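What follows is each chain in one-letter form.
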Amino acid sequence: MIGDSITHHWGGEPSGDSRKAGEASWEQLFGSHAVTNMGFGFDYVDNAYYRVQNGELDGISPRVIIVLLGTNNLGHRKDTPQACADNIEAFLRLVRQKCPSSKILLLGVLPRKEKNLAGPVKETNKLLAKLQNGKNIFFADPGKALLSADGVSPKNEFMKDVVHPNSRGYEVLEKELAALLKKMDARFRGGKPAGKQA
């Protein structure tokens, strides 16, 4: 799973992150599967591109690569939706080049608490949805399940701060991803309850 701090704080290994706000939901989602958390705080799409370009995926061939990037491009750097989507498209091309047999699950940018970014997030996700081909690149927008009744901002009960889910938010994402992965990967079994062996 490749991403920024939202992925980093979720759980799994490797991680120097003591917060791991979503560790229980990570275990519930992935359990006995071999999953690497390649999330790095503050990363733009460009940083992830550099990491993959310089060997992060070399020598491996995961069944599925999950990509969750773009929030820092929109929030910190104020990229336009088109610029953000173009960067992600280039990143997907690189990932396909490095891991041609892997399926890619591209996730939409999650909602943020800044209402002025609701429009750019929505527009970016519309552009990202066009990158799927239904064969080896798939798109999903699990962040919709975090939205409040206004359809714009995330529910406070699901967010730790402006952009990062709390444990309940990660639980929502875990349920959304489990359903998606079951459709994409015949070998996906989901996680195992705590204390159970694979």
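Residues numbered from 1 in each chain as written. Predicted model: local features only at pLDDT ≥ 70, side-chain atom pairs only at ≥ 80, totals over all residues. Heavy atoms only, no water.

Caption draft 1: Region of interest: the pairing of strand β3 (residues 64–68). Among the 5 residues that make up β3, 5 are buried, leaving the element largely enclosed by the rest of the structure. The sheet contact formed by strand β1 (residues 2–3) and β3 spans 2 bridges and is parallel. Bridging across to β3, G3 finds its partner in L68. As defined by bridge partners, β3 adjoins strand β4 (residues 103–107) across 4 bridges and the pair is classed as parallel. Across the sheet, V67 pairs through a bridge with L106, a residue of β4. (Buried < 20%, exposed > 50% of the residue type's maximum accessible area, 1.4 Å probe, protein only. Helix = DSSP H or I, 4+ residues; strand = E, 2+ residues; numbered from the N terminus. Pairing = 2+ DSSP bridges.)

Caption draft 2: The arrangement of the pattern of salt bridges in detail. For the structure on display, the rule yields 10 salt bridges. Here E56 and R51 are joined by a salt bridge, their closest N and O atoms 2.8 Å apart. Residue classification places R51 among the buried residues on the basis of a relative accessible area of 14%. In this structure, the salt-bridge partner of D58 is K98, at a minimum N-O distance of 3.0 Å. With D58 in the loop between α3 (45–53) and β3 and K98 in helix α5 (residues 81–98), the pair connects residues that are 40 residues apart, well separated along the chain. Residue classification places D58 among the partly exposed positions, given a relative accessible area of 44%. The class of K98 is partly exposed, set by a relative accessible area of 26%. If you follow the salt bridges from partner to partner, you end up with D43, R51 and E56 in one network. (Salt bridge = Lys/Arg side-chain N within 4 Å of Asp/Glu carboxyl O.)

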